[in-house]
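Structural features, examined
Letter by letter, the chains look like this.
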Amino acid sequence: MSSLEGWTTVCAVDAIVPNTGVCALVEGEEVAVFRVVDRGEDRVFAIDALDPDSGASVLSRGLVGSLGERIVVASPLYKQHFDLASGECLEAPDKPVRCWPVRLVNGRVLVGSACAGGTVAAPARPSLVVVGNGMAGMRTVEELLKLAPEMYDITVFGAEPHGNYNRIMLSPVLAGETSVDEIMLNTPEWYERHGIRLFAGDPVVEIDRRRRVVRAQSGVEVRYDRLLLATGSTPVVLPIPGHALPGVLSFRDLRDVEAMLEAARSHRHAVVIGGGLLGIEAANGLRRQGMDVTVVHIGDRLMDRQLDRPAAELLRNALELKGLRFLLGANTAEILGSQRVSAVRLDDGAELPADLVVMTAGVRPRIALARDAGVHCERGVIVDDTMQTYDPRIYAVGECAEHRRSTVGLVAPIWEQARVCAAHLACAGHRRYVKRAIATRLKVTGVELFSAGDIIGVDGSEDLVMRDPRRGVYKRLVLKDDRVVGAVLYGDASDSAWFFELIENRVDVSALRERLLFGRAFCEAIAA
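For clarity, every value in this text was computed on a predicted model and none was experimentally measured.

Details of the pattern of salt bridges
Scanning the model with the defined rule gives 42 salt bridges in all. For E206, the salt bridge identified is with R215, shortest N-O distance 2.7 Å. Residue class for R215 comes out partly exposed when judged on its relative accessible area of 25%. For R265, the salt bridge identified is with E262, shortest N-O distance 2.9 Å. Note that R265 and E262 are positioned in helix α4 (residues 254–266) at a spacing of three residues, about one turn of the helix. For R265, a relative accessible area of 61% puts it in the exposed group. With relative accessibility at 44%, the residue E262 sits in the partly exposed group. One connected set of salt bridges, linked through shared partners, spans R70, D83, E88, R212, R223 and D225.

Next up, the structure:
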């Protein structure tokens, strides 16, 4: 046997007769390695070779078979059955064996360190596996720890090779206003302190609902009693010619920010495709890094989902004073370049120089993992008011979840989903998730902007509007049946929390109507 990067090579997989095991020496300990043919696919497992009752190294010689949904090996001595995926002894749950990380590489079986992880031996506590190490999943874990800190053995898998960070603060990192260390929420030490096993940089690639096991990219398998899907979303990449060229990026994670900062150090021209919230923040950050930036937006105004036309015009004027350029009503036809992007061609034939192209054309819920496992999905992973999916053992929160035909991408509703989900995981299921009004703020230094609720208006609604051109202030409240249903504030957002409270609580404002636009302090002073 040989060792490769912390893994011990045992033998070729073909050297193990199907549905039998061999004994190997790994880190000075005897390990039983099994090859199981499951639905025509080779699977490998590794558990301690020592029988826990006798101490004899016999488990590799046991008979392999299925008991219900479990793949087990029977001890030759006492005929007890051990689950190969979890190490649990079915007849004596208090006597599990350890499971070792195991994987197939180029037709050979590799076994890793038992200390490094692998399939966890069946614990006395139920197992909660969290797929996704982002803000939604970890907020749910934090809420769960408040309610029932000792209830679960928790394992977290994340695609990114570090702890959990505040994704909404990526824009200030790009703009150079804060550092990566300052946006970290949960460091590796935090997971260790709370007894949480973290597999960073090792995404889950398969969910086996029959066996209740998840398998990671490295080959590590973990059995679950409850599974939380927090897989987030994936950026929309416009399928235009040249979209795969080097220098074409999305704006979604730390890796994207690092790539943009690297481009800004050695290149000059950037084009941002998309004039929504994220596109404007990306453009501002790149401008702050010294690049010449043009925003190409297919709509006729910036942030057209959150702003009305007057507020959008004020925003555009303010951003142009910062050095940004905007092309509205423009459609990207092609991204040009050979070894790297060099220009963007619009459908009217105009060409924009571009050493960097950032696509911010929206996101889609990341549902492939759940869909492939047979969990019911439509646009997102379908959940009920408790955040439970079609499979009662599986929950979903955050951008991957679809609740009553709606998905969310802002922090406030995701935090509420996390509280609801944690309550039900803790068996304190008194909460229900209810869709509420959402609010939007733009993270651009020197620009005060707030939008919430229904800014379009419906039949029977009316607008209260204040304009102060000299101060650059614009306020618009949308009222329906004497209640505020929407608000747009530009230049002065000091009363945004109060207006949002009025929207959420459906407060009757008929007595405040004439002074409502002047804010909370003025209304309360008059009332007193």
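So, the sheet that holds strand β15 (residues 197–200)
Paired through backbone hydrogen bonds, the strands of a sheet run either parallel or antiparallel to each other. The five strands are arranged β15-β12-β11-β19-β31 in an open sheet whose pairing can be described as parallel. Looking at which strands have only one partner, the edges of the open sheet turn out to be β15 and β31 (394–396). Adjacent strand axes in the sheet meet at a mean angle of 15 degrees when their direction is disregarded. Here four bridges tie strand β11 (residues 127–131) to strand β19 (residues 226–229), and the two strands are oriented parallel to one another. Bridge assignment links V131 to a residue of β19, and that residue is L229. The strands touched by helix α1 (residues 135–147) within the sheet are β11, β12 (153–158) and β19, with β12 carrying the most contacts at an inclination of about 165 degrees. Running over the sheet, helix α8 (residues 411–425) touches β11, β19 and β31 and is turned about 165 degrees from β31.

Conventions we followed
Residues numbered from 1 in each chain as written. Predicted model: local features only at pLDDT ≥ 70, side-chain atom pairs only at ≥ 80, totals over all residues. Heavy atoms only, no water. Salt bridge = Lys/Arg side-chain N within 4 Å of Asp/Glu carboxyl O. Buried < 20%, exposed > 50% of the residue type's maximum accessible area, 1.4 Å probe, protein only. Helix = DSSP H or I, 4+ residues; strand = E, 2+ residues; numbered from the N terminus. Pairing = 2+ DSSP bridges. Axes fitted to C-alpha atoms, helices over the stretch in contact; angles between N-to-C directions. Contact = heavy atoms within 4.5 Å.

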